[in-house]
Amino acid sequence: MTVMGLVVIAGVLAAVISCAAFLVWFERRLLAFFQERYGPNRVGPFGVFQVVADIIKLFFKEDWVPPFSDRAVFVIAPVFVVASVLMSFAVISFAPGICAADLDVGLLFFLAMSSLGVYSIVLGGWASNNKYSLLGALRGAAQMITYEVFMGISLMGVVIMADSFNLKKIVEAQEHLWFCVPQFLGFAIFFIAGVAEARRIPFDLPEAESELVAGYHSEFSSMKFGMFFLGEYLGVTLISSLIVVFFFGGWLGPAFLPPIAWFLIKTFFFIIVFILMRGSLPRPRYDQLMGYGWKVLLPLALLNLFVTGAVVLVWQN
Amino acid sequence: MDIMFFITSGVAVFATLMVITRLNAVHALLYLIVSLLSVAVVFFIMGAPFAAALEVIIYAGAIMVLFIFVIMMLNLGREAVKSEREMLTLRVWLAPSALVVILLGQFIYILYERSGSPLTASVVEAKEVGVSLFSTYLLGVELSGLLLIAGIIGAYHLGHTARKAYHRFLEGGSE
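Residues numbered from 1 in each chain as written. Chains lettered and ligands numbered in written order. Predicted model: local features only at pLDDT ≥ 70, side-chain atom pairs only at ≥ 80, totals over all residues. Heavy atoms only, no water.

Here's the deal with the overall build of chain A
Logical step 1: Each helix and strand in chain A was counted, giving twelve helices and zero strands.
Logical step 2: Going from N to C terminus, chain A has its helices and strands arranged as α-α-α-α-α-α-α-α-α-α-α-α.
Logical step 3: With respect to the three principal axes, the spread of C-alpha positions in chain A is 65 × 45 × 45 Å.
Logical step 4: Here chain A, with 317 residues, has 56% of them falling under the buried criterion.
Logical step 5: Of the contacts made within chain A by residues no fewer than 6 positions apart, 77% connect residues no fewer than 24 positions apart.
Logical step 6: A total of about 14200 Å² of accessible surface is found on chain A, and carbon and sulfur atoms cover 72% of it.
Logical step 7: In chain A, which carries 19 positive and 20 negative side-chain charges, the distance between the mean positions of the two groups comes to 7 Å. (Helix = DSSP H or I, 4+ residues; strand = E, 2+ residues; numbered from the N terminus. Buried < 20%, exposed > 50% of the residue type's maximum accessible area, 1.4 Å probe, protein only. Contact = heavy atoms within 4.5 Å. Areas by Shrake-Rupley, 256 points an atom, 1.4 Å probe, with all protein chains shown as cover. Lys, Arg positive; Asp, Glu negative; His and termini not counted. Charge placed at Lys NZ, Arg CZ, Asp CG, Glu CD.)

Pasting the structure below:
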């Protein structure tokens with residue numbers, strides 16, 4: 001491994017984590033803006049240092065492990081969510097040359113890591129030994145397995161068109177036309193599945209605070225809770241940047257800005273859409289969520305796959 | 001790469017041993033996940049990244065989640081651990097251990113016979129896997145498809161109970 005590779009890895013890690021920390025403040029400010037409030041505006045200019053205050057608070061809280069919990073599992077559960085999301089960032093190519101691991105199975109690697117992220121919810125909920133946590137964990141497991149199925153299928157259209165699982169080649173294949181045009185259905189399904197995968201409103205049933213206290217992380221405190229919190233914002237960043245890579249041409253854009261700037265602009269656009277959705281959409285009922293997934297989105301994703309395959313086959317002959 | 005291979009396979013063997021000896025079902029499953037992940041890394045080292053990715057997505061990411069899901073629903077507590085401890089007496093271990101010793105003997109013999117062959121023959125791309133699945137191994141794909149359809153229909157049949165509404169307006173008529 002070269003020095004350059006290490007620099008890229010450290011840079012990506014630092015950028016992604018600080019972006020997630022920044023989002024904590026940004027989301028609260030933006031939500032307040034949508035609702036005609038001020039939001040946090042006391043610490044530093046416009047309140048940007050609010051997140052520093054939050055982190056200090058989280059670190060100094062009592063790190064309580066409930067005596068009735070399964071101690072070992074309780075302690076490792078929050079690690080899964082952050083680790084799996086951070087691993088996914090390894091395969092994203094942010095600009096030509098800025099990519100931690102240019103894997104040929106990059107897309108599959110992302111799917112694998114996102115499927116491992118379920119464990120933090122399931123194990124956290126189970127190890128807490130608490131009714132509400134267990135209910136949240138059950139919901140989380142069912143929801144994430146359901147939405148993973150057609151998250152994978154919705155991306156296969158992109159793979160067929162780009163003829164590769166490699167994220168860099170997928171971006172390069174969008175030189176002439178972004179995939180959001182021919183793969184609009186795939187984009188819509190991936191976006192919905194991504195919201196469910198990041199457990200954001202309207203799909204935050206595992207932690208629905210109006211019925212389950214805080215769902216799977218009710219018993220977690222201090223930095224263990226902080227890890228779940230960080231994992232959520234990292235997840236939002238990850239899904240936004242993947243939408244950009246798969247459907248909106250990654251770093252491609254007019255030449256008056258450097259490629260990385262285009263990538264960041266597009267990613268932030270989708271992060272803002274995520275936050276706007278949190279401020280505007282209600283939460284569905286649990287059976288509605290599952291029924292919608294299996295009865296509407298799965299057939300649509302399969303249809304999209306078949307039609308894309310057929311069209312590409314006809315085109316090539 | 002050889003050192004990587006030995007480390008990962010060591011982790012796999014250790015994790016699998018822990019799976020067999022754990023009394024708590026969830027802990028055993030966690031070790032099984034570690035074992036599956038290390039097998040995926042072994043695949044990756046041996047030049048099969050596609051198989052490695054599928055191993056993680058399907059086995060570690062979906063099937064094991066369902067296993068844990070079911071065990072969570074069963075709500076096994078301290079009693080389960082206790083009964084497990086009573087079940088696993090020394091006598092139970094004898095027959096499986098004998099079988100494992102036979103396998104181990106064969107394994108060592110094969111390693112001894114074929115020592116010197118390279119670890120990574122060639123990297124197998126996803127496309128090659130697909131081509132061989134739908135040409136050489138088409139019969140296997142069809143058979144597993146049939147099996148899955150049978151499984152789905154069976155699950156549907158078991159899960160589909162005639163819904164009986166206990167409501168004074170919906171069923172029966174007047175009171």
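With respect to the packing of aromatic side chains
Residues and elements named next belong to chain A.
Logical step 1: Throughout the structure, instances matching the rule amount to 30 aromatic pairs over all chains.
Logical step 2: Pairing Phe-225 with Phe-229 gives two aromatic rings, centres 5.6 Å apart and planes at 25°, and the pair type is stacked. In this pair, Phe-225 and Phe-229 both sit in helix 10 (residues 222-247), four residues apart, roughly one turn of the helix.
Logical step 3: Every member of this aromatic cluster is reached through a ring pair, and the members are Phe-110, Trp-178, Phe-184, Phe-187, Phe-190, Phe-191, Phe-246, Phe-247, Phe-248, Phe-269, Phe-270 and Phe-274. (Phe/Tyr/Trp six-rings, centres within 6.5 Å; stacked < 30°, edge-to-face > 60°.)

Brief notes about the interface of chain A and chain B
Logical step 1: Listed by partner, the interface residues are 24 residues for chain A and 25 residues for chain B.
Logical step 2: Broken down residue by residue, the surface that chain A buries against chain B is led by A:Tyr119, A:Trp126 and A:Leu138, which jointly contribute 27%.
Logical step 3: The interface formed by chain A and chain B contains zero salt bridges.
Logical step 4: Put simply, the parts of the chain that give the side of chain A that touches chain B at least two residues each are helix 4 (106-116), helix 5 (118-127) and helix 6 (131-162) of chain A.
Logical step 5: At seven residues, the largest contribution of residues to the side of chain A that touches chain B is made by helix 6 of chain A.
Logical step 6: Classifying every residue of the side of chain A that touches chain B gives 19 nonpolar, one polar and four charged. (Buried area = accessible area lost by both parts, 1.4 Å probe. Salt bridge = Lys/Arg side-chain N within 4 Å of Asp/Glu carboxyl O. Nonpolar A, V, L, I, M, F, W, Y, C, P; charged D, E, K, R; others polar.)

A look at a nonpolar patch on the surface
Logical step 1: On the surface, A:Val43, A:Phe49, A:Val52, A:Ile55, A:Ile56, A:Phe59 and A:Phe60 cluster together to form a nonpolar patch covering roughly 700 Å² of accessible area.
Logical step 2: With respect to the secondary-structure elements, A:Val52 resides in helix 2 (residues 50-60). (Patch = residues over 30% accessible without salt bridge, like charges linked within 9 Å, V, L, I, M, F, W, Y side chains within 5 Å.)

Structural notes on empty space enclosed by the protein
A water-sized probe, rolled over the atoms, reveals where empty space remains.
All names here are of chain A.
Logical step 1: Across all of its chains, the model carries two cavities of 30 Å³ or more by this definition.
Logical step 2: Counted as a void, the largest cavity has a volume near 160 Å³.
Logical step 3: Along the wall of the largest cavity there are 17 residues; nearest its centre are Val-85, Glu-197, Ala-198, Arg-199 and Gly-235.
Logical step 4: Residue assignment for the lining of the largest cavity shows that the elements contributing at least two residues are helix 3 (71-89), helix 4 and helix 10.
Logical step 5: With five residues, the single largest contributor to the lining of the largest cavity is helix 10.
Logical step 6: Quantified by volume, the second largest cavity comes out at close to 30 Å³.
Logical step 7: Residue composition of the lining of the second largest cavity, grouped by class: five nonpolar, one polar and no charged. (1 Å grid on protein atoms, 1.4 Å probe; cavity = no way out; pocket = protein on both sides within 12 Å on 5 of 7 lines; lining within 4 Å. Points joined across faces, edges and corners; volume = space filled by probe spheres on them.)

Remarks on the pattern of salt bridges
All names here are of chain A.
Logical step 1: Summed over all chains, the structure comprises five salt bridges over all chains.
Logical step 2: Where Lys-224 meets Asp-63, a salt bridge forms, and the shortest distance between an N and an O atom there is 2.7 Å. Of this pair, Lys-224 sits in helix 10 while Asp-63 sits in the loop between helix 2 and helix 3, and the two are 161 residues apart along the sequence.
Logical step 3: Lys-224 gets classed as buried once you look at its relative accessible area, which sits at 10%.

Section: the layout of surface pockets
Logical step 1: Roughly 2200 Å³ of volume is contained in the largest pocket.
Logical step 2: Every residue lining the largest pocket is counted, 46 residues in all, and those nearest its centre are A:Met156, A:Phe165, A:Leu305, B:Phe50 and B:Leu54.
Logical step 3: Among the elements of the structure, helix 4, helix 6 and helix 12 (286-316) of chain A together with helix 3 (49-74), helix 6 (126-133) and helix 7 (138-159) of chain B are those that each provide at least two residues to the lining of the largest pocket.
Logical step 4: Looking at which element gives the most residues to the lining of the largest pocket, the answer is helix 12 of chain A, with nine residues.
Logical step 5: For the lining of the largest pocket, the two domains that each supply at least three residues are domain 1 (2-121) and domain 2 (125-165) of chain B. (Domains from an automatic or database assignment.)

Topic: the nonpolar core
All names here are of chain A.
Logical step 1: Grouped together as the largest cluster of nonpolar side chains are 116 residues, with contacts concentrated most on Phe-89, Ile-92, Leu-107, Tyr-147, Phe-190, Phe-246 and Phe-247.
Logical step 2: The element that contributes the greatest number of residues to this core is helix 6, accounting for 13 residues.
Logical step 3: Beyond its immediate stretch of four places on either side in the chain, Leu-107 contacts Leu-155, Met-156, Val-159, Phe-165, Leu-167, Ile-170 and Phe-246. (Core = buried A, V, L, I, M, F, W, Y, C linked by side-chain atoms within 4.5 Å.)

A closer look at helix 3 of chain A
Logical step 1: A:Val73, A:Phe74, A:Ala77, A:Pro78, A:Val81, A:Val82, A:Ser84, A:Val85, A:Leu86, A:Ser88 and A:Phe89 are the residues of helix 3 of chain A that are buried.
Logical step 2: Buried-residue contacts for helix 3 of chain A involve helix 1 (3-34), helix 4, helix 5 and helix 10 of chain A together with helix 2 (25-45) of chain B.

Concerning unusual backbone geometry
All names here are of chain A.
Logical step 1: Phi is positive for Glu-36, close to 55°, though the residue is something other than glycine.
Logical step 2: Within the fold, Glu-36 resides in the loop between helix 1 and helix 2.
Logical step 3: Positive phi outside glycine occurs at Phe-46, with the angle close to 55°.
Logical step 4: According to the relative accessible area criterion, Phe-46 is exposed, its value standing at 63%.

Focus: the side chain of A:Ser128
All names here are of chain A.
Logical step 1: Topologically, Ser-128 is positioned in the loop between helix 5 and helix 6.
Logical step 2: The exposure class of Ser-128 is buried, given its relative accessible area of 0%.
Logical step 3: With sequence-adjacent residues up to four places away left out, Ser-128 is seen in contact with Phe-68, Ser-69, Phe-74, Ser-133, Tyr-216, Glu-219 and Phe-220.

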